[in-house]
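Understanding the architecture of this molecule
For reference, the chains in residue letters:
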Amino acid sequence: MTPAIEINGVEKSYGATRALTGIDLRVEPGRIFGFLGPNGAGKTTMIRILLDLIRPDAGTATVLGFDCQRQSIEVRRRVGYLPGDLRLYEGMRGDEFLDFIDSFRPEKRDAAYRRALVERMELDLSRRIRALSKGNRQKLGLVQALLHRPELLVLDEPTSGLDPLVQDEVVGILEACAAEGRTVFFSSHVLPEVEKISQSVAIIRAGKIVAVEEVAKLKSRSVHVIEVTFATAPPHGLFALPGVRELRRDGTTVHLQAHDGLDAVLKAIATQRVLDLRTQQPSLEDVFLSFYTEGETQEEAQRASA
Amino acid sequence: MPPLNVFAKSLRDQKWQIAGFGLALAAMSSTSVWLWPSVRDSLQNFEIPAAARAFLGSDLDFATGAGYLSGRYFGWTEILAIVYVIIAGTGAIAGEESASTIDLLLAQPVSRRAVLLQKLAATALGAALIIFGGYVGFLVSVPTVDMEVPLSDLAVGCANMVPIVLFFFALSLWAGAVAPNRGIAAGFVIGITTATYFVFTLANGVESLEPIRYATPFYYYGAGRPLVYGVTWWHVGLLLGTSAVLVALTLRTFERRDVSAGGATDLGLGSVLRRIAALRTGV
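Residues numbered from 1 in each chain as written. Chains lettered and ligands numbered in written order. Predicted model: local features only at pLDDT ≥ 70, side-chain atom pairs only at ≥ 80, totals over all residues.

1. A short note on the overall build of chain A
To keep things clear, this is the line we draw: For the purposes of this entry, the term helix denotes a DSSP run of H or I that reaches at least four residues, the term strand denotes a run of E that reaches at least two, and both are numbered from the N terminus. Residues with at least 20 neighbouring C-beta atoms inside 10 Å of their own are called buried, those with 12 or fewer are called exposed, and the rest are partly exposed, where every C-beta is derived from the backbone.
In terms of regular secondary structure, chain A is built from 11 helices and 14 strands. The 306 residues of chain A split such that 39% are buried.

2. Some thoughts on the pairing of strand β7 (residues 152-156) of chain A
Residues and elements named next belong to chain A. Heads up, the condition is: Think of it this way: DSSP has to see at least two bridges between two strands before they count as a pair. If the strands point away from the viewer and the path from the first strand over the helix to the second runs clockwise, then the crossover is right-handed.
Along β7, 5 of the 5 residues are buried, which leaves the element largely enclosed by surrounding structure. The two faces of β7 match: L152, V154 and D156 on one face and L153 and L155 on the other face are all buried. Here 5 bridges tie β7 to strand β8 (residues 183-188), and the two strands are oriented parallel to one another. Looking at the pairing, L155 lines up with F186 of β8. The parallel pair β7 and β8 is bridged by helix α6 (residues 164-179), and the resulting crossover is right-handed.

3. Points about the sheet that holds strand β11 (residues 224-230) of chain A
Neighbouring strands of a sheet are bound in pairs by backbone hydrogen bonds; such pairs are parallel or else antiparallel. Residue and element names in this part refer to chain A. The line we're drawing: Here an axis means a line fitted to C-alpha atoms, over the contact stretch when the element is a helix, while the angle between two N-to-C directions is reported on a 0 to 180 degree scale.
Strand order in the open sheet formed by 4 strands is β12-β13-β11-β14, with antiparallel pairing between adjacent strands. Across the chains shown, the open sheet's two edge strands, defined by having one partner strand only, are β12 (244-250) and β14 (274-280). On average, each strand axis in the sheet is inclined to that of its neighbour by 20°, with strand direction left out of account. Taken together, the 6 bridges between β11 and strand β13 (residues 253-258) define a ladder with antiparallel strand orientation. What sits directly across from I226, in β13, is L256.

4. Considerations on the sheet that holds strand β5 (residues 66-67) of chain A
All names here are of chain A. Strand order in the open sheet formed by 4 strands is β2-β1-β4-β5, with antiparallel pairing between adjacent strands. Pairing within the sheet leaves two strands with one partner each, and these edge strands are β2 (17-27) and β5. In terms of strand pairing, strand β4 (residues 58-63) meets β5 through 2 bridges, oriented antiparallel. Bridge pairing in β5 links V63 to F66.

5. Observations concerning unusual backbone geometry
Of all residues except glycine, most have a negative phi; of all peptide bonds, most are trans. Residue and element names in this part refer to chain A. Unusually for a residue other than glycine, E122 sits at a positive phi of about 55°. On the secondary structure map, E122 appears in the loop between α4 (111-121) and α5 (134-146). Classification of E122 by C-beta neighbours within 10 Å gives exposed; the count is 11. Although it is not a glycine, E157 adopts a positive phi angle of roughly 55°. Checked against the element boundaries, E157 lands in the loop between β7 and α6.

6. Concerning helix α5 (residues 78-98) of chain B
Residues and elements named next belong to chain B. The cut-off we apply is this: Working definition for bend: take the seven residues up to and ending at a residue and the seven starting at it, fit an axis to each, and measure the angle between the axes.
Within α5, the axis deviates most sharply at A92, by approximately 60°. Of all 21 residues in α5, 17 are buried; the element is thus mostly enclosed. Directly beyond the C-terminal end of α5, a positive phi value near 65° is found at S100.

7. Thoughts on the interface of chain A and chain B
Put simply, the rule reads: Any residue pair is listed as a contact if its two C-beta atoms, each placed from the backbone, are within 7 Å. Residue classes follow a fixed rule: Ala, Val, Leu, Ile, Met, Phe, Trp, Tyr, Cys and Pro count as nonpolar, while Asp, Glu, Lys and Arg count as charged, and any other residue, Gly among them, counts as polar.
Taken together, the contacts link 22 residues of chain A with 23 residues of chain B. Counting only elements with at least two residues in the side of chain A that touches chain B, the list comes to α2 (72-78) and α3 (94-102) of chain A. Considering each element in turn, the side of chain A that touches chain B owes the most residues, 3 residues, to α2(A). Looking at side-chain class alone, the side of chain A that touches chain B contains 13 nonpolar, 2 polar and 7 charged residues.

8. Some details on the environment of B:V236
Residues and elements named next belong to chain B. Considering the arrangement of structural elements, one finds V236 in helix α13 (residues 233-256). Look at V236 and you get partly exposed, because 19 C-beta atoms sit within 10 Å. Residues V236 and M161, spaced 75 residues apart in sequence, show a C-alpha to C-alpha distance of 9.6 Å.

9. Looking at the pairing of β14(A)
Residue and element names in this part refer to chain A. Little of β14 is tucked away, with 0 of its 7 residues classed as buried. The pairing of β11 with β14 spans 6 bridges and is antiparallel. Residue pairing across strands places V228 opposite L277, the latter belonging to β14.

10. Quick word on the packing of α5(B) against helix α7 (residues 112-141) of chain B
Residue and element names in this part refer to chain B. Defined as follows: An angle below 35 degrees is read as roughly parallel, one above 145 as roughly antiparallel, one from 65 to 115 as roughly perpendicular, and any other as oblique. In a left-handed crossing the near helix is turned counterclockwise from the far helix by less than a right angle, and in a right-handed crossing that turn is clockwise.
Contact geometry of α5 with α7 gives a least axis separation of 10 Å together with a crossing angle of 165°. By the angle between their axes, α5 is roughly antiparallel relative to α7. Considering only the axes of α5 and α7, their crossing is right-handed. For the pair α5 and α7, contact is made by A81, Y84, V85, A88, G89 and A92 and by L116, K119, T123, G126, A127, I130 and I131, respectively. Each residue belonging to the contact of α5 with α7 can be placed in one class, and the counts come to 9 nonpolar, 3 polar and 1 charged.

11. A few points about the environment of A:L117
Residue and element names in this part refer to chain A. Positionally, L117 belongs in helix α4. Through-space distance from the C-alpha of L117 to that of V171 is 13 Å; in sequence the pair is 54 residues apart. Other than its neighbours up to four places away in sequence, L117 contacts V143 and L146.

12. Focus on the nonpolar core
Note the threshold: Any set of buried Ala, Val, Leu, Ile, Met, Phe, Trp, Tyr and Cys residues joined through C-beta atoms within 7 Å is what this text calls a nonpolar core.
Counting 135 residues, the largest nonpolar core has A:F185, B:A81, B:V85, B:V165 and B:F168 as its most contacted members. The dominant element in this core, judged by the number of residues it contributes, is helix α9 (residues 161-178) of chain B, at 15 residues. Residue contacts for B:V165: discarding those within four places in its chain leaves B:E78, B:A81, B:I82, B:V85, B:A127 and B:I131. If you look at the next biggest cluster of nonpolar residues, it comprises 9 residues, including A:V223, A:L256, A:A258 and A:V265.

13. Remarks on the confidence of the model for chain A
Where the model shows low pLDDT, its predicted coordinates should not be examined in detail. Basically, it comes down to this: The quantity called pLDDT is the predictor's confidence in a given residue, expressed from 0 to 100.
Residues at a pLDDT of 70 or more form 90% of chain A, whose mean pLDDT is 88. Confidence over residues 294-301 of chain A falls short of pLDDT 50; this stretch has 6 contacts with residues more than four positions distant or in other chains.

14. Details of the packing of α9(B) against helix α10 (residues 182-203) of chain B
For any two helices packed against each other, one specifies the crossing angle of their axes together with the interaxial distance. Residues and elements named next belong to chain B. Between α9 and α10, whose axes approach to 8 Å, the crossing angle comes to 145°. In the packing of α9 onto α10, the handedness of the crossing is right-handed. Where α9 approaches α10, its residues F168, L171, S172, A175 and G176 are matched on the opposing element by R182, A185, F188, V189, I192 and T193. In the contact of α9 with α10, the residues fall into 7 nonpolar, 3 polar and 1 charged.

Here it is in structure tokens:
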């Protein structure tokens, strides 16, 4: 089957800054694929290469079997794109703007689908874009990307600026797209979002893909950060458990990292009298650490327990 | 046949500018004509030195209708149309980049060449309409006063404004393709326009500065001269030819370079030189 996206050895530099240092990636069709990485890791650069807005210094990229540079128009005919830094024509009304986007693919115009999308997003198209809130602009940006039922959706940070209810709507729409056999490729720097929406994820850091995983697997490897305050200082070695790492102690407060789920560490905590307990969303850094320093982590855990 | 949607949108975006500049030129041309009877007599008894005439952008005799209109209208209103094409020309690429709307535009299934040519056609039409606005001013005013300039000559004079305006339009497009952002592009073209206009008017009639005039585009425009001497076709050809070269360079640069939403990040001279040389990479 033709991959939705295939990237081989793509490099890109801006002067002395190496934005992409050799990207290899394959996205199978019909999936929701998350592109995860901290800000500045190269997500937007890679996405803009797919649309031929910028050209790689080396390597090739194809979308749905078409070369992103030589057959760029064929690529763009089949791709719905939401830019990360979305800017719209301020002076246009919402409906004028959608008409303009529609006019590039007259053969794919579908008024009923457009109405359905607009209603689902609760957008007022009679207002000038200038007068729209950031969230409404983002919704309009999503509608224009979805408008022509593209085979591939390329969304750069699609849920930024949206409130949680609308985010759920967006997730629903993207899932419907995937159910129709279309592919969704979206970038994010927020791990929970990727976990929630996508089936597969690629992690990019400093211009390189560092991991491509099924989300289910990523979740099982993800890290919990726990801060627990006890009535009295717990005995040393209490947390010398596999997959658990004691970071530091402030008096009777202990900072912990759990790598293989919460069960073991919670049972250990429960043997003592607990005053307070807080857990944090694992940061990307934590996930990266759990990915690439697993060996070290085990050693440190043993050191901490010694 | 691809849809002419970019052309239609550009024209729509510029409709108020076109109307405004067109009305301004119509007001200038008609009032200039209507003032003619009252200034004619005083001008006839008054020998204006050539250098003083030159300051008004025309070296023709003001005591004649054609000479008067050359200084009063054709000698400087082209600047108004040039202002319009600088706004539109630097807006075509650099403007969309500075406003970051270019990503969405170029993500559509349309070639960069088509985008540029459609925008070019819209503004060229807009400039022609603005210049035509000036001619409409003549159409309504000339028959009402005693002026010995035929409307057909005025039509030629107005049409002769098109090449110089297109030249500055092409220069603006090119500057918008090579400069890192719209501000720099507009600043560059405004600088060239004012400097060459200033040099042209200064050198007009000053013998020692005479040779410099040939280096200014305004010399090849000639203000109201076509009303008296007819069109100098090689001047028209030179302006249009240079414009065509600039458009070709613009296309080459724009098709080869990276697009930068929000303006280029690399403001260095090196990157601008790479763009001027239309090399394949670099923002």
